[in-house]
Amino acid sequence: MMELLWLLLPVAAASGWWVARREYLDRRGATVRSADYFKGLNYLIDDKPDQAIEVFTRMADVDRDTAEMHLTLGNLFRRRGEVDRAIHIHGSLIARSNLTTDQRHRSILELGEDYLRAGLFDRAEALFQELVEQPAHMEVALSRLIHIFQQEKDWRQAIAYSDRLEQISGDSKRRQTAHFCCELAEAANARNDDAETSSWLLDALARDAGCARANLLLGRLAMRMGDHRKAIEAFQAVERQDRGYFPEAVVPLSQCYSALGCPDEWLAYLREVHERDHSGRITDTLAEWLLRLEGEEAALQFLERELREYPTLLGLRRLVDTKLARGEGAKYADLRTLQCISVQMLNSAARYRCSNCGFVVKSLHWCCPSCLQWNTIKPMSDLVMKTSG
Ligand SMILES: [Zn+2]
C-alpha cells in the first residue's frame, strides 16, 4: 500500500503543476481580455468607435464569451442610429464558427433588426425566415416579417403570417388582418373585379365584425353596381360599428337617397342620427336638407338652436351661408367676414387624428403613418365646446 502511495506522488505533483499552470494561463487570459476590454471602452468614451470595434472584434477571436459583448455593442450602435456599425458587428459574429446555437440565432435576429432599420427589407426578411421555426424567436421573427410584408404591400403573406402569430401568441390579430383584406379588396376594385372585391370584404367582416372600412367599401361597390338599397344598408352599418367613421358615409348616403328619389326618408334618418351625434358633419348635412325640403326658416331655426348648445365650425359656416343667401349680408356687414374666417379655418384645419399617437393629417389613412397602428386615425369632431345651455 505504501509503495503504491510513493508511486502516486509524481502523478499528484504533475497534476498539481497542471492545475496551477492552467489557473495561471486562465488568469493571464482573463487579464489580457480585461485589459483589452477597458482599452475598447476607453476608445468608446473618447468617441473613437472604429478603434473600439477593432479591439472588440479581436477579442471575439479569443473565445465565445465575448459574443455576448458583441451582441450588446451592436445593439448599442443600432440604438444610436449607427446601423452600418451594428451590421458590421452582428455580421462578423454570424461568420464565426465557435458560437453556441442560441448565440447564432440571437445574432441572426439582431442582424435582421439592423437590416430592418436600414430599410433593407429583402435581407431582413431572409434572416427572419431562418428563425420562424425556432421556438425561442418565433414570435419576434413572425411579427417582424408581418411588418416587412406590410411595407412591401404583400397583403396575402401578411395575412398568413398574422394568422400564424395569432395561433402561437393567442393575441388577436383580427383587426389588422381585416384591414389587409380591405387592402386586397381595394386592389381588386381598382381592377374592376367586383366578385373578388366583394369576397375580400366579406372575409374582412368575418375576421372583424366591427370593420367599418369594409362596410364603407361594400357601400361604394353596391353604388357602382347600381344597388342603392344595399349601399344604404352598408353605410348605415358604419354608424353602428364605429360612429367615429360615420362622417365618411354621409356624402355617399346622401347620393344613394337622391338616386332612389327618397329625400324624406334621408331627412328622417338624419334626424334619428342627430339625436345621438352632434358633430359638425351631421349638423351641416341636416341643415342642408332642411333648407331643401322645409325651407330657410326651418334650417335657420334648427341651426340657431343647435349652435347655442353644440357649436361647430361646419354648423357656423352653414348658418352664415344661409343668412347671406337670404340677403342679410347688407344688414349685417360682419357676416362676410365671418364667412371668410370660417372657410379659412375649415380649409387649414387638420381633419383626422390618430387616437394612439396624436398624429394629425388632412386625409383619412387606415394605417397611421407615424405609429403604424391600424384603425386609429379617425375624423376629428369640430365641436368647439358643449355648454350647459
Ligand atoms: Zn398613430
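Residues numbered from 1 in each chain as written. Predicted model: local features only at pLDDT ≥ 70, side-chain atom pairs only at ≥ 80, totals over all residues.

**Things to note about the overall build of the chain**
Right, on to step 1. From N to C terminus, the chain includes 18 helices and three strands.
Right, on to step 2. For the chain, the residues scored as buried account for 32% of the 389 residues in total.
Right, on to step 3. Across the chain, every contact between residues at least 6 apart in sequence was considered, and the portion connecting residues at least 24 apart equals 45%. (Helix = DSSP H or I, 4+ residues; strand = E, 2+ residues; numbered from the N terminus. Buried ≥ 20, exposed ≤ 12 C-beta atoms within 10 Å, placed from the backbone. Contact = placed C-beta atoms within 7 Å.)

**Here's the deal with helix H15 (residues 280-294)**
Right, on to step 1. Its 15 residues place the ends of H15 20 Å apart at the C-alpha level, agreeing with the 21 Å of an ideal helix rising 1.5 Å per residue.
Right, on to step 2. Listed as buried for H15 are Gly 280, Arg 281, Ile 282, Thr 283, Asp 284, Thr 285, Leu 286, Ala 287, Leu 290 and Leu 291.
Right, on to step 3. Turning to H15, the residues buried within the fold contact helix H13 (247-260), helix H14 (263-274), helix H16 (296-309) and helix H17 (313-325).
Right, on to step 4. Note on H15: the residue one or two positions beyond its end, Gly 295, has a positive phi of about 100 degrees. (Expected span 1.5 Å × (residues − 1).)

**Observations regarding the sheet that holds strand E3 (residues 377-379)**
Right, on to step 1. Judged by pairing direction, the sheet is antiparallel, and its three strands sit side by side in the order E2-E1-E3 without closing on themselves. Strands at the two margins of the open sheet, each flanked by one partner only, are strand E2 (360-361) and E3.
Right, on to step 2. The pairing of strand E1 (residues 352-354) with E3 spans three bridges and is classified as antiparallel. Within E3, the residue paired with Arg 353 across the bridge is Lys 378. (Pairing = 2+ DSSP bridges.)

**What about unusual backbone geometry?**
Right, on to step 1. Phi is positive for Leu 372, which is not a glycine, with a value near 65 degrees.
Right, on to step 2. Mapped onto the elements, Leu 372 comes out in the loop between E2 and E3.
Right, on to step 3. A positive phi is found at Asn 375, a non-glycine position, where the angle reads about 70 degrees.
Right, on to step 4. Assignment of secondary structure puts Asn 375 in the loop between E2 and E3.
Right, on to step 5. You can call Asn 375 buried: it has 23 C-beta atoms within 10 Å.

**Looking at the nonpolar core**
Right, on to step 1. If you look at the biggest cluster of nonpolar residues, it comprises 56 residues, and the most contacted ones within it are Leu 201, Ala 204 and Ala 214.
Right, on to step 2. The residue makeup of this core includes at least three contributed by each of domain 1 (63-170) and domain 2 (172-261).
Right, on to step 3. Counting residues in each nonpolar core, the second largest holds 13 residues, with Trp 266, Ile 282, Ala 287 and Leu 290 among its members. (Core = buried A, V, L, I, M, F, W, Y, C linked by C-beta atoms within 7 Å. Domains from an automatic or database assignment.)

**Quick notes on the confidence of the model for the chain**
Right, on to step 1. In the predicted model, the chain carries a mean pLDDT of 85, and the fraction of residues at 70 or more is 85%.
Right, on to step 2. For the stretch residues 1-19, pLDDT sits under 50, and the model shows zero contacts to residues farther than four places along the chain or on other chains. (pLDDT = per-residue confidence, 0-100.)

**Structural notes on the environment of Ile 146**
Right, on to step 1. Mapping Ile 146 onto the fold places it in helix H7 (residues 138-151).
Right, on to step 2. By C-beta crowding, Ile 146 is classed as buried, having 23 other C-beta atoms within 10 Å.
Right, on to step 3. Separated by 14 residues in sequence, Ile 146 and Ala 160 have C-alpha atoms that sit 9.0 Å apart.
Right, on to step 4. Residues in contact with Ile 146, not counting those within four places in the same chain, are Ala 158, Tyr 161, Ser 162 and Leu 165.

**Some points on the packing of helix H3 (residues 66-79) against helix H4 (residues 83-94)**
Right, on to step 1. Relative to each other, H3 and H4 sit at 160 degrees, their axes nearing to 7 Å. As the angle between them shows, H3 and H4 are arranged roughly antiparallel. Classified by chirality, the crossing of H4 by H3 is left-handed. Every residue of H4 that contacts H3 at Ala 67, His 70, Leu 73, Gly 74, Phe 77 and Arg 78 is listed here: Val 83, Arg 85, Ala 86, Ile 89, His 90 and Leu 93. (Axes fitted to C-alpha atoms, helices over the stretch in contact; angles between N-to-C directions. Parallel < 35°, antiparallel > 145°, perpendicular 65-115°, else oblique. Left-handed = near helix turned anticlockwise from the far one by under 90°.)

**Looking at the packing of helix H12 (residues 228-241) against H13**
Right, on to step 1. Taken N-terminus to C-terminus, the directions of H12 and H13 make an angle of 155 degrees; their axes are 10 Å apart at the nearest point. The orientation of H12 relative to H13 falls into the category roughly antiparallel. Two packed elements cross with a definite hand, and for H12 against H13 that hand is left-handed. For the pair formed by H12 and H13, the contact residues are His 228, Ala 231, Ile 232, Phe 235 and Val 238 on the first element and Ala 249, Pro 252, Leu 253, Cys 256, Ala 259 and Leu 260 on the second.
Right, on to step 2. The residue makeup of the contact of H12 with H13, split by class, is 10 nonpolar, one polar and no charged. (Nonpolar A, V, L, I, M, F, W, Y, C, P; charged D, E, K, R; others polar.)

**Some details on the environment of Ser 143**
Right, on to step 1. Within the secondary structure, Ser 143 sits in helix H7.
Right, on to step 2. In this structure Ser 143 comes out as partly exposed when scored by C-beta crowding, with 17 C-beta atoms within 10 Å.

**Focus on the environment of Trp 366**
Right, on to step 1. Mapped onto the elements, Trp 366 comes out in the loop between E2 and E3.
Right, on to step 2. Owing to 15 C-beta atoms within 10 Å, Trp 366 belongs among the partly exposed residues under this scheme.
Right, on to step 3. Along the primary structure Trp 366 and Glu 183 are separated by 183 residues, whereas in three dimensions their C-alpha atoms are 9.7 Å apart.
Right, on to step 4. Leaving out residues up to four positions away in the same chain, Trp 366 has contacts with His 179, Arg 213, Trp 374 and Asn 375.

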